[in-house]
Amino acid sequence: MKQLMSAALLAVALVAGEYDEGYSAYQKKHYEKALPLFEKAAQHNDAGAQLMLGVMNSNGEGVKQDYQKAAYWYRKAADQNVTAAHYNLGLLYEKGKGVAQDYKKAAFHYETAARAKSVQAQLNLGALYESGKGVPKDPKKAAHWYQKAADHQDARGQFNLANLYYGGQGVSKDLKKAAYWYEKAARAGHPSAQTNLGMLYERGEGVAQDSAKALHWYEAAASRKNPQAYTSLGLMYARGKGVEQNDRKAYEYWQKGARLGDATAQKNLEALCQKNPSVCK
């Protein structure tokens with residue numbers, strides 16, 4: 001009996017050694033070396049190796065990109081309750097890559113991972129509840145999962161939660177809480193949150209009206225090429241709100257917004273050029 005136990009422990013040690021060696025090679029981007037080591041470990045049911053084979057097939061690292069094989073290995077790892085495998089499998093089901101698109105299965109795997117504190121899964125599950133894809137549309141549950149992601153300092157979760165507070169969807173409308181979460185996301189560099197926070201300061205919604213702070217956040221978002229920020233900056237200069245009135249600067253910002261596909265910027269640009277053609281030359 002002791003000999004059998006020793007043999008089993010030796011097998012476990014060998015598998016662990018193959019995984020560790022494979023992961024070390026993977027981190028160095030030596031994919032051709034990592035692949036056979038992961039394959040050996042995966043055949044012995046090593047969940048970590050199964051996950052990594054899914055990742056390598058999904059990314060085309062050391063192998064031709066193959067989402068079907070990725071799904072196969074993610075499923076193997078998910079069967080052993082690997083959180084990242086559940087998330088990755090959910091992503092494949094949501095996108096229909098390597099599997100038939102199935103939002104219900106995506107929701108199942110996201111929720112499994114979300115309950116294991118995967119922030120990405122919490123965010124994506126919230127989005128499914130907000131849109132009603134694969135699950136009954138439920139803004140309250142969307143808010144619940146966005147809150148979880150936001151509490152883990154995820155800027156997208158903070159932004160999405162702020163949107164719900166601003167619109168009063170799934171939560172009581174609360175402009176102060178909307179401003180709070182927009183600012184959290186804005187300070188983390190989320191350009192749409194920066195634009196929306198600028199809008200709140202410009203309008204005095206949930207915060208004291210402050211054109212200087214509005215300008216600050218619009219400029220921060222514009223530095224990240226957010227089209228709505230360009231549009232808002234153009235309006236501030238066109239109206240002389242918080243800045244010296246300047247049609248030329250308005251033109252320049254609206255032109256940038258229009259080039260990025262913002263319809264309002266394009267409309268404002270056309271109106272300005274009709275009103276003051278010399279600015280547009």
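Residues numbered from 1 in each chain as written. Predicted model: local features only at pLDDT ≥ 70, side-chain atom pairs only at ≥ 80, totals over all residues. Heavy atoms only, no water.

**Quick word on helix α13 (residues 227-239)**
In an α-helix, one turn spans 3.6 residues, which is why side chains three or four residues apart end up on the same side. The first and last C-alpha atoms of α13 sit 19 Å apart over 13 residues, in line with the 18 Å expected at 1.5 Å per residue. Among all positions of α13, only P227, A229, Y230, T231, S232, L233, G234, M236 and Y237 are buried. Buried residues along α13 sit in contact with α11 (191-203), α12 (211-222), α14 (247-259) and α15 (263-275). One side-chain oxygen at the N-terminal end of α13 lies 3.1 Å from the backbone nitrogen of Q228; it belongs to N226. (Helix = DSSP H or I, 4+ residues; strand = E, 2+ residues; numbered from the N terminus. Expected span 1.5 Å × (residues − 1). Buried < 20%, exposed > 50% of the residue type's maximum accessible area, 1.4 Å probe, protein only. Contact = heavy atoms within 4.5 Å. Polar contact = N/O pair within 3.5 Å; in protein donor to acceptor, adjacent residues only side chain to side chain.)

**Overview of the state of the cysteines**
Under the defined criterion, the tally for this structure stands at 1 disulfide. Residue pairing for C273: its cysteine sulfur links by disulfide to C280, the two sulfurs lying 2.0 Å apart. Looking along the S-S bond of the C273-C280 disulfide, the torsion reads about -105 degrees, which is the left-handed sense. Judged by its relative accessible area of 24%, C273 is partly exposed. (Disulfide = S-S within 2.5 Å.)

**Focus on the nonpolar core**
If you look at the biggest cluster of nonpolar residues, it comprises 87 residues, and the most contacted ones within it are Y26, F38 and Y182. With residues near it in sequence (within four places) discarded, F38 still touches Y19, G22, Y23, Y26, A49, M52, L53 and M56. (Core = buried A, V, L, I, M, F, W, Y, C linked by side-chain atoms within 4.5 Å.)

**Quick word on the pattern of salt bridges**
The tally for this structure, following the rule as stated, stands at 6 salt bridges. R203 is the partner of E205 in a salt bridge, and the nearest nitrogen-oxygen pair spans 3.9 Å. (Salt bridge = Lys/Arg side-chain N within 4 Å of Asp/Glu carboxyl O.)

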